[in-house]
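Fold and contact review
Below are the chains, spelled out letter by letter.
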Amino acid sequence: MTDGYNTPPAAQLTDAEVERRRRVFGLTAEDLARIAELRSAVVDHRAEHTAAFFDHLARVDEGGDLFRRPELLDEARRLKEEHMVSLVSGDYGRAYIEQRARLGALFGRARIDMRGFLSAFQMLIGSIVRRVAELHPTDTVAAMDRVVSIRKLLFLDISIIQDVMIAEREQMILNQQEAIRELSTPTLQLRDRLLILPIIGLLDSFRAKQLTENLLRSIRDRRAKVVVMDITGVATVDSKVANHLIQTVAAARLMGAQVIITGLAAEVAQSLVTLGVDLTDLNTVGDLQGGLEEAERLLGLETRRIGSA
Amino acid sequence: MPAPEAVRVAIQRDADIVAARQRGREMATAAGISGSDLTLIATAISEVARNILAYAREGEILLSVESRDGRCCLQVIAADEGPGIADVELAMRDGYSTGKSLGLGLPGARRLMDEFDIVSAAGAGTRITMRKWAR
Ligand SMILES: Nc1ncnc2c1ncn2[C@@H]1O[C@H](COP(=O)(O)OP(=O)(O)O)[C@@H](O)[C@H]1O
Ligand SMILES: [Mg+2]
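Quantities reported herein were computed from a predicted structural model and do not represent experimental measurements. (Residues numbered from 1 in each chain as written. Chains lettered and ligands numbered in written order. Predicted model: local features only at pLDDT ≥ 70, side-chain atom pairs only at ≥ 80, totals over all residues. Heavy atoms only, no water.)

A few points about the overall build of chain B
Keep this limit in mind: Each helix is a run of DSSP H or I of at least 4 residues and each strand a run of E of at least 2, with the numbering of both proceeding from the N terminus. The rule is simple: take the accessible area with a 1.4 Å probe, protein chains only, and divide by the maximum for that residue type; under 20% is buried, over 50% is exposed, in between is partly exposed. Contacts were defined at the residue level, with two residues in contact if any of their heavy atoms lie within 4.5 Å.
Along the backbone of chain B there are 4 helices and 5 strands. Along chain B, helices and strands appear, N-terminal first, in the series β-α-α-β-β-α-α-β-β. Here chain B, with 135 residues, has 51% of them falling under the buried criterion. Within chain B, contacts between residues separated by at least 24 positions form 61% of all contacts whose residues are at least 6 apart in sequence.

Here's the deal with the overall build of chain A
Put simply, the test is: Here the Shrake-Rupley method, with its probe set to 1.4 Å, supplies the accessible areas, and only the displayed protein chains count as covering residues.
On a plain count of helices and strands, chain A comes out with 12 helices and 5 strands. For chain A, the share of sequence-separated contacts (at least 6 apart) that also reach a separation of at least 24 residues comes to 78%. Roughly 15,100 Å² of accessible area belongs to chain A as shown, and the carbon and sulfur atoms make up 54% of that amount.

So, unusual backbone geometry
Residues and elements named next belong to chain A. Its identity is not glycine, yet Asp 61 carries a phi of approximately 55 degrees, on the positive side. Relative to the helices and strands, Asp 61 resides in the loop between helix H4 (46-59) and helix H5 (70-87). The exposure class of Asp 61 is exposed, given its relative accessible area of 67%.

Observations concerning the site of ligand 1
All names here are of chain B. The condition that has to hold: Nearness here has a simple test: a residue counts as near a molecule or strand if at least one of its heavy atoms is within 4 Å of that partner. Two N or O atoms count as a polar contact when they lie within 3.5 Å, although within protein this holds only if one can serve as hydrogen donor and the other as acceptor, and sequence-adjacent residues are included solely when both atoms are side-chain atoms. In this classification, Asp, Glu, Lys and Arg are treated as charged, Ala, Val, Leu, Ile, Met, Phe, Trp, Tyr, Cys and Pro as nonpolar, and every other residue, Gly included, as polar.
Close to ligand 1 lie 18 residues; Asn 51, Tyr 55, Ser 97, Thr 98 and Ser 101 are nearest. Contact distances for ligand 1 include 2.9 Å between a nitrogen atom and a side-chain N or O atom of Asp 80. Note that an oxygen atom of ligand 1 is positioned 3.2 Å from one of the backbone N or O atoms of Gly 105. Mapped onto the shell around ligand 1, the elements with two or more residues apiece are helix H2 (36-56) and helix H4 (105-112). Here the shell around ligand 1 takes 3 residues from H4, the largest share from any one element. In the shell around ligand 1, the residues fall into 8 nonpolar, 9 polar and 1 charged.

Brief notes about the packing of H5 of chain A against helix H6 (residues 94-109) of chain A
Residues and elements named next belong to chain A. Cut-off, in case you're wondering: Helix axes are fitted to C-alpha atoms over the stretch in contact, other axes to C-alpha atoms as well, and angles between N-to-C directions run from 0 to 180 degrees. For classification, angles of less than 35 degrees are called roughly parallel, those exceeding 145 degrees roughly antiparallel, those between 65 and 115 degrees roughly perpendicular, and all remaining angles oblique. Crossing chirality is assigned from the near helix's rotation relative to the far helix, an anticlockwise turn below a right angle marking it left-handed and a clockwise turn marking it right-handed.
Where H5 meets H6, the closest approach of the two axes is 10 Å, and the angle between their N-to-C directions is 155 degrees. Considered as vectors, H5 and H6 are oriented roughly antiparallel to each other. Seen along the crossing, H5 lies across H6 with a hand that is left-handed. In contact with Leu 72, Glu 75, Ala 76, Arg 78, Leu 79, Lys 80, Glu 82, His 83, Ser 86 and Leu 87 of H5, H6 contributes Tyr 96, Gln 99, Arg 100, Arg 102, Leu 103, Leu 106 and Phe 107.

Here we look at the state of the cysteines
Defined as follows: Note on terminology: disulfide denotes any pair of cysteine sulfur atoms within 2.5 Å.
Applying the stated criterion across every chain, the model contains 0 disulfides over all chains. Between Cys 72 of chain B, a free cysteine, and Cys 73 of chain B, which holds the nearest cysteine sulfur, the sulfur-to-sulfur gap is 7.5 Å.

Here we look at the interface of chain A and chain B
Note the cut-off: Two parts placed together each lose some accessible area under a 1.4 Å probe, and adding up what both lose gives the buried area. The salt bridge definition used is simple: a Lys or Arg side-chain nitrogen within 4 Å of an Asp or Glu carboxyl oxygen.
Contact with chain A, which involves 22 residues of that partner, is made by 20 residues of chain B. Surface buried jointly by chain A and chain B totals about 1,900 Å² across both partners, of which 55% is contributed by carbon and sulfur atoms. Counting across the chain A and chain B interface gives 1 salt bridge. For Asp 238 of chain A, the salt bridge is made with Arg 50 of chain B, and the minimal N-O distance between the two is 2.5 Å.

Some remarks on the pairing of strand S2 (residues 59-68) of chain B
Residues and elements named next belong to chain B. Convention followed: Strand pairing is defined by DSSP finding a minimum of two bridges between the two strands.
Here 6 bridges tie strand S1 (residues 6-11) to S2, and the two strands are oriented antiparallel to one another. The residue bridging Ala 10 from the neighbouring strand is Glu 60, located in S2. Summarising the sheet, S2 and strand S3 (residues 71-80) pair through 10 bridges and their orientation is antiparallel. Each bridged residue has a counterpart across the sheet, and for Leu 63 the counterpart in S3 is Val 76.

Digging into the packing of H5 of chain A against helix H7 (residues 114-135) of chain A
All names here are of chain A. Closest axis-to-axis distance for the H5/H7 pair is 14 Å, and the angle between their directions is 45 degrees. The angle between H5 and H7 falls in the class oblique. Here H5 runs over H7; the crossing is right-handed. Between H5 and H7, the residues in contact are Lys 80, His 83, Met 84 and Leu 87 and Phe 121, Leu 124 and Ile 128, respectively. Among the residues making up the contact of H5 with H7, the classes are represented as 5 nonpolar, 1 polar and 1 charged.

With respect to H7 of chain A
The condition that has to hold: To estimate how far a helix should extend, the number of its residues minus one is multiplied by 1.5 Å.
Taking 1.5 Å per residue, 22 residues should reach 32 Å; H7 of chain A reaches 32 Å between its end C-alpha atoms and fits that length. Where H7 of chain A is concerned, the buried positions are Gly 116, Phe 117, Ala 120, Phe 121, Leu 124, Ile 125, Ser 127, Ile 128 and Val 132 of chain A.

Topic: the nonpolar core
Heads up, the rule is: Nonpolar cores were defined as sets of buried Ala, Val, Leu, Ile, Met, Phe, Trp, Tyr and Cys residues, with membership established by side-chain atoms within 4.5 Å.
Core analysis: the biggest nonpolar cluster contains 65 residues, and Met 229 of chain A together with Ile 61 and Met 130 of chain B have the highest contact counts within it. The element contributing the most residues to this core is H2 of chain B, with 9 residues. Those residues in contact with Met 130 of chain B that lie beyond four places of it in its chain are Ala 44, Ile 45, Val 48, Leu 74, Gln 75, Val 76, Ala 109, Met 113, Glu 115 and Phe 116 of chain B.

Quick notes on the pairing of strand S4 (residues 258-262) of chain A
The side chains of a regular strand alternate, residue by residue, between the two faces of the sheet. Residue and element names in this part refer to chain A. Heads up, the rule is: A right-handed crossover is one whose linking path, passing over the helix from the first strand to the second, runs clockwise when the strands point away from the viewer.
Summarising burial for S4: 4 of the 5 residues are buried, a large majority. Handedness of the β-α-β unit built from strand S3 (residues 226-230), helix H10 (residues 239-254) and S4 comes out right-handed. Note: S4 against strand S5 (residues 283-285), 3 bridges, orientation parallel. When the bridges of S5 are listed, Thr 262 appears paired with Val 285. In this region the chain leaves S4, passes through helix H11 (residues 266-275) and returns to the parallel neighbour S5; the handedness of that crossover is right-handed.

What about the sheet that holds S2 of chain B?
Strand-to-strand pairing in sheets goes through backbone hydrogen bonds, with the strands running parallel or antiparallel. Residue and element names in this part refer to chain B. One open sheet accounts for 5 strands, arranged S1-S2-S3-S5-S4; its pairing is antiparallel. For this open sheet the edge positions go to S1 and strand S4 (115-120), each flanked by a neighbour on one side alone. Each strand axis lies, on average, 15 degrees off the axis of its neighbour in the sheet, ignoring direction. Bridge count between S3 and strand S5 (residues 126-133): 8 bridges; the pairing is antiparallel.

Things to note about the pattern of salt bridges
Taken as a whole and judged by the stated rule, the model has 26 salt bridges over all chains. Within this structure, Glu 30, Asp 31, Arg 34 and Lys 152 of chain A form a network of salt bridges that share partners.

What follows is the structure in structure tokens.
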């Protein structure tokens, strides 16, 4: 939470789902008892195990943004050490799963990909296995049994982290699409003092806000007198987005520019009227062609006014 | 009769509103609704979904095709477990808003649809059921 990232699908991991995963990975009471015996091998050497993980990431350059962002790295190290303690705690319910999910979200945000994560996790397992083997120097079978038990738990961890990293990725892609859509709303300038703003497709409130800001900036920078805002292809306009448009038109007017709206679909107009939105402040003209003619007319008046002054 | 199918759209962020509108158009088409009614429905869904996000933070939109006496309709249920509305009659008035917005969402959605029913009370969440019949 330190970095504003969501603590994502942990909430979706119900107790039943946690139980199901334990079954899938075959984690039995016997495993849990064996894992509990590994306390010293894991907890006493947690710094070493943690280092095995992060050193590998650094060495193979698979750490994504992690090593460029110290605050993320510190948090990741801390969570990993915490992981080492809870790994042998015997309690693998919601709290444990949520810890795993948080670390997974952080890795996702740091853009560590699955390949980097899995190879580093492999190093972590190796580091733990070495210490477990030391506990049973003469009894290879006993050591092996314990390794098998703790590996079950570690693979369950991987399954969770993997889900979270994928979810985080998807969220990032969504955000990027949002950004791309914003960039695809350019203001065009056909001639002096005239701006054209084609709005294609969805007009959600997020984009409506960006649009207002971009437009007002363009009006100022290019000293525009007339703006033609074409909303052909916008299928739905609700009261919030309509209000944005109205506010934008009013703000543009305050900056000395008139806004002409073109391409308002008949059924969108009908919806807005039924909603009760007052459209009288909006200068709407049927299509883009008509809008441009109207703009020329307004600019002509403008020129004449200036000329005669 | 078309099989009664239902779609649930979780409302947790802006993009979900767009998704709910889109699913609404699809389901309405499945109910035999066409033309400008599809846009009226999408607008009504947008209003109630936005209210969920604005006032209850999260909730869901349930869309289903229902039929009665051989006619089909799209049913939209907007449900949340947010703070609820203390005075529903007031909230249904044109121009009433606690959110500094137009205050047209609820009364407007009622006009856009054929049937509109709202159940809400302070602390008890909000549940709106709306229907639009195929012509
Ligand atoms: N799902 C909801 N939960 C709680 N309060 C709501 C909900 N929907 C609407 N309201 C209340 O009803 C008022 C009127 O809603 P609406 O007609 O959509 O207008 P607006 O959203 O512009 O305020 C809102 O300002 C809010 O106080
Ligand atoms: Mg509203």
